[in-house]
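Residue-level listing of the chains:
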Amino acid sequence: MFRVIRNNLVPILIALAVHAVLFLMLFIGFDWTPKPATLQNQPNVVKATAVDAGKVKAELDRLKQAERQKQQQEAARIDKLKQQEREMQQRRAAEEKNLAELKKKRAAEERRQQQEQQRLQKIKEEKAALEQKRLAEQKLLAELERKRKVEQAEAKKIAEAKKAAEAKKAAEAKKAEEEARRKAAEAKRREDERRQALMAQLDAEETERAEAAAQGEIDKSLALIRQKVTRHWLKPAGVPKGLACTVRVHIIPGGDVVGVTIIKSSGNAVFDRSVESAVRKAAPLPLPADPAVAARMREIDFEFIPEA
Amino acid sequence: MKLRHLLSIVCGGLWLIMSLPLQAALTIQITEGVVGAMPIAIVPFDNSTLKSPLPYNLSDIITTDLGRSGRFAPMPEQDLIARPHDGSAVRFADWRLLNMESLVVGRLRELGGARYEVQFQLFDVFKGEQLAGYSIAFAADDVRRTAHRISDLIYEKLTGQRGAFSTRIAYITAIKAADKSREYRLSIADADGFNEQVILDSKQPLMSPSWSPDGEKLVYVTFESGRPEIFVQEVFSGERRRITDFPGLNNAPVWSPDGRYLAMTLSKTGNPEVHTYNLQTGALSQVTRHPGIDTEPNWSPDGRKLVFTSDRGGRPQLYMVNMSGANKSGQPQRLTFEGEYNSRGTFSPDGQRLAMVHGQQGAFRIAVLELASRNLQVLTDSRLDESPSFAPNGSMIIYATESQNRGVLAAVSVDGRVHQRLELQQGDVREPAWSPFSTQ
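Residues numbered from 1 in each chain as written. Chains lettered and ligands numbered in written order. Predicted model: local features only at pLDDT ≥ 70, side-chain atom pairs only at ≥ 80, totals over all residues.

(A) Local environment of the overall build of chain B. Along the backbone of chain B there are four helices and 31 strands. Looking at chain B as a whole, 45% of its 440 residues qualify as buried. Contacts spanning at least 24 positions in sequence make up 44% of the contacts within chain B whose residues lie at least 6 apart. (Helix = DSSP H or I, 4+ residues; strand = E, 2+ residues; numbered from the N terminus. Buried ≥ 20, exposed ≤ 12 C-beta atoms within 10 Å, placed from the backbone. Contact = placed C-beta atoms within 7 Å.)

(B) Representation of the overall build of chain A in the model. When its secondary structure is counted, chain A shows five helices and three strands. Put simply, chain A runs from its N terminus to its C terminus through helices and strands in the order α-α-α-β-β-α-α-β. When each of the 308 residues of chain A is scored for burial, the buried share is 13%.

(C) Expanded view of the interface of chain A and chain B. Counting residues at the interface gives 32 residues for chain A, matched by 26 residues for chain B. Ranked by residues supplied to the side of chain A that touches chain B, first place goes to helix H4 (residues 269-282) of chain A with eight residues. Of the residues that constitute the side of chain A that touches chain B, the class distribution is 17 nonpolar, four polar and 11 charged. Bridge analysis of strand S3 (residues 299-304) of chain A against strand S1 (residues 27-30) of chain B gives four bridges, and the strand direction is parallel. From the neighbouring strand, A:Phe302 faces S1(B), where its bridge partner is B:Ile28. (Nonpolar A, V, L, I, M, F, W, Y, C, P; charged D, E, K, R; others polar. Pairing = 2+ DSSP bridges.)

(D) Inspection of the confidence of the model for chain B at higher detail. The predicted model of chain B averages 90 in pLDDT, with 94% of residues at 70 or higher. Throughout residues 18-23 of chain B the model reports pLDDT below 50, and contacts reaching past four residues in sequence, or to other chains, amount to one contact. (pLDDT = per-residue confidence, 0-100.)

(E) Highlighting the pairing of strand S25 (residues 363-370) of chain B. Residues and elements named next belong to chain B. Among the eight residues in S25, six count as buried, and that is most of the element. What sits between strand S24 (residues 353-360) and S25 in their antiparallel hairpin is a turn of two residues, with Gln361 showing a positive phi close to 50°. Summarising the sheet, S25 and strand S26 (residues 375-378) pair through four bridges and their orientation is antiparallel. Note that in S26 the partner of Glu370 across the bridge is Asn375.

(F) Quick peek at the pairing of strand S10 (residues 206-211) of chain B. Where burial is concerned, most of S10(B) is hidden: five out of the six residues are buried. Counting the residues between successive antiparallel strands, the hairpin from S10(B) to strand S11 (residues 217-222) of chain B contains five residues, one of them, B:Gly215, with a positive phi of roughly 75°.

(G) Main features of the packing of helix H3 (residues 53-232) of chain A against H4(A). Residue and element names in this part refer to chain A. In contact at an axis separation of 8 Å, H3 and H4 are set at 120° when each is read in the N-to-C sense. Classified by the interaxial angle, the pair formed by H3 and H4 is oblique. Handedness of the crossing formed by H3 with H4: right-handed. Here H3 contributes Lys228, Val229 and His232 to the contact with H4, which in turn contributes Ala278, Val279, Lys281 and Ala282. (Axes fitted to C-alpha atoms, helices over the stretch in contact; angles between N-to-C directions. Parallel < 35°, antiparallel > 145°, perpendicular 65-115°, else oblique. Left-handed = near helix turned anticlockwise from the far one by under 90°.)

(H) Focus on H3(A). Compared with an ideal rise of 1.5 Å per residue, which puts 180 residues at 268 Å, H3(A) spans 187 Å between its outermost C-alpha atoms and falls more than 12% short. When you tally the buried positions in H3(A), you get five out of 180 residues, a small fraction of the element. Here H3(A) has its buried residues at A:Glu217, A:Ser221, A:Ile225, A:Val229 and A:His232. Check the buried side of H3(A) and you find it contacts H4, helix H5 (291-294) and S3 of chain A together with S1 of chain B. (Expected span 1.5 Å × (residues − 1).)

(I) Summary view of the sheet that holds strand S30 (residues 419-422) of chain B. Residue and element names in this part refer to chain B. Ordered in space as S27-S28-S29-S30, the four strands form an open sheet in which the pairing is antiparallel. Of all the strands in the sheet, the pair left with one neighbour each is strand S27 (386-390) and S30. Shown here is a sheet whose adjacent strand axes are inclined to one another by a mean of 30°, direction ignored. Pairing of strand S28 (residues 396-403) with strand S29 (residues 406-413), which is carried by eight bridges, proceeds in the antiparallel orientation.

(J) How the structure looks around the environment of A:Gly254. Mapped onto the elements of the fold, A:Gly254 is located in the loop between strand S1 (245-251) and strand S2 (257-264). For the pair A:Gly254 and A:Ala289, spaced 35 residues apart in sequence, the C-alpha separation works out to 9.1 Å.

(K) Quick peek at the sheet that holds strand S13 (residues 240-244) of chain B. Residues and elements named next belong to chain B. Taking strand neighbours across the sheet as the criterion, the four strands line up as S10-S11-S12-S13 in an open arrangement whose pairing is antiparallel. Each edge of the sheet is formed by a strand with only one pairing partner; in this case those strands are S10 and S13. This sheet shows a mean twist of 25° between the axes of neighbouring strands, independent of strand direction. Inspection of the sheet shows S11 paired to strand S12 (residues 229-234) by six bridges, in the antiparallel sense. Considered in S12, the bridge of Thr222 is made with Glu229.

(L) Representation of the confidence of the model for chain A in the model. Chain-level pLDDT for chain A is 85 on average; 90% of the residues reach the 70-or-more range. The least confident element of chain A is helix H1 (residues 2-7) of chain A, whose mean pLDDT is 71; the most confident is S1(A), at 93.

(M) Local environment of the nonpolar core. A:Val279, B:Leu103, B:Val104, B:Leu306 and B:Ile397 are the most contacted members of the largest nonpolar core, which has 129 residues in total. When we break this core down by domain, the ones giving at least three residues each are domain 1 (3-26 + 168-434) and domain 2 (38-159) of chain B. With near-sequence residues (within four places) excluded, A:Val279 lies in contact with A:Val229, A:Val247, A:Val249, A:Val257, A:Val260 and A:Phe302. (Core = buried A, V, L, I, M, F, W, Y, C linked by C-beta atoms within 7 Å. Domains from an automatic or database assignment.)

(N) Broad picture of unusual backbone geometry. With an omega of 0°, the peptide bond between A:Ala283 and A:Pro284 qualifies as cis. If you trace the backbone, A:Pro284 turns up in the loop between H4 and H5. Despite not being glycine, B:Ser208 has its phi angle at roughly 50°, a positive value. For B:Ser208, the location among the structural elements is in strand S10.

(O) Representation of the packing of helix H2 (residues 58-68) of chain B against helix H4 (residues 143-159) of chain B in the model. All names here are of chain B. Two numbers describe how H2 lies on H4: the axes approach to 9 Å, and their chain directions differ by 50°. Here H4 runs oblique to H2, going by the angle between their axes. The handedness of the crossing between H2 and H4 comes out as right-handed. Of the residues in H4, those touching H2 at Leu58, Ile61, Ile62, Asp65 and Leu66 are Val143, Arg144, Thr146, Ala147, His148, Ile150, Ser151, Ile154 and Tyr155. Here the contact of H2 with H4 is built from residues that sort into nine nonpolar, three polar and two charged.

(P) Fine view of H2(B). Residues and elements named next belong to chain B. Of all the 11 residues making up H2, nine are buried; the element is thus mostly covered by neighbouring parts of the structure. Of all the positions in H2, only Leu58, Ser59, Ile61, Ile62, Thr63, Asp65, Leu66, Gly67 and Arg68 are classed as buried. Just beyond H2, the residue with positive phi is Gly70, at close to 85°.

(Q) A look at the environment of A:Pro240. With respect to the secondary-structure elements, A:Pro240 resides in the loop between H3 and S1. Using a count of 11 C-beta atoms within 10 Å as the deciding quantity, one classes A:Pro240 as exposed.

Here is the structure:
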């Protein structure tokens, strides 16, 4: 219905406007009858005052002038009203003519409106059919859409499953790879450890062997030193029996004695000196050939305890 | 972090503790050495500034002194590798190469008026240190005494014992005169035999000189009256007095260490017995009482024992008796069992040894008995040795021996290694007695 109205809005509005104007004109016609002029008959009241004759005259002139002007204006106005009366008559005739025409037009319009309405009905029906068809189509489409969505979902599901499977597979592969790598690393680590342990053992054995050898060297050296110092110790005669003296001897590479410190004196200066001299005279002390072993013999304590 | 710090400190501490005994673990025990003489180099003292040479060479005397003590082996002069005269010129390394333990350098200077000055230094070669340095002024006729003093100083510094080079010896000489009569002399000389001074001569035999403990008197036996008498004589003044003239033997007088008594052999009882004689009161105390011969008494240094020779066991052997002052306490004990004959026992100054004449298979030699161990060591290898006498420091023994049918003096170091003849004296020299240390 609105559609019909909207589609024919201009003619409808025009029709309504014409109707309204015509209706108004009925009333306005009454109002337009001219009213009688009352002001013309009223005398001018002059107040008698002692004034200058000249002035009075001027005033009189002016009043006369104003009176004349007023009469002229009144005449003009009447003319004009008459004129307007004529024009009004003319216009009314035109109006009546227009009205008739309008009546004719309205009938035509009504006819046309009926036709239009029929056409509209027809269109409406067509439209409904179309609508129905469209709805069916829409329904079909929705169905299709639904189907498509289901399919899509399924496809998606499948894809996801596939993807998941792939991811799982990749993860497993990765895991397997890592496991393999870990195992390899573990094996390598074990191998390293084994090798290190072996090396350490070898080292330890080597060290032990070296230590034993060094100890042997040291012992040999100590025996040689003992012999040499004994050979150089001039036991002092005539000192009290039971004297004993301990000296700490500092030895440099090469066996030279660089320092002799009495760490336990015998109390007898001559005995102590004989001890110190013995060690110094025995220098160079026979040290092991290996400097590393010899380095462990930098300091030796000599206890001089003569037997009997 | 803190824990790690602590751990490292603990570990470090452990390491230290473990490493310390490791260092100290290197200990060598020396239980034996060699017995022998100490090598010493005595460089002739510089005398280049002297206008005229001294009558004796100081360093020669010192070298001889030290050498004959047996405690030193002086380097022969021709072997000296350098002749420094003061410490600044000494290169110790050179002397170390020669194993010289000690080095003596010095120089002489003229002071004018026949007086001189010697400056000397003694070095420990291996330590590279001066042990002693002295400057001594002396007169020209004191060269030998000065040298002996220096020897004493060196000896004492290096052995810890007082040197006996400045001491003297007394001895008896018998000289055959042109008229075939014999002349007997009591003489004193330096310990090396020089500077002989006759303090008594007699046509009759003189015997058994013995020094007073202060070294100022001698006691001896003289036959000048035709029979044995014991006299005491002042060494310097020559003043003398008769002590005993008992009937029979008046023999073998010897001073007690405190100087109050003499021990001697008297036969006034009919049999030679050991007696003591109080020098102040003249009181006698009989020590031995035995039908055998008891003679040659000798005091221990502490005066509490007396050793004597007795044939009470059949042959002469040494016996010892404890003494309380001038009187015996207890019975004599036999000391010697080794050898057919042991006589003339004399104590070493430290009282630990006895020197004696030891007779074995017809040979009489000087032997030393270690009292603690009863170990007997024969020191000499001659045929007829007699009268051993210890140097006051115990380092040497002087004795009389026979050489080309004449008595001579000889000295041996107590270890028996160094022998020396003192052949300066004329005639038949016998019965040497070594003086005590001079009290001057």
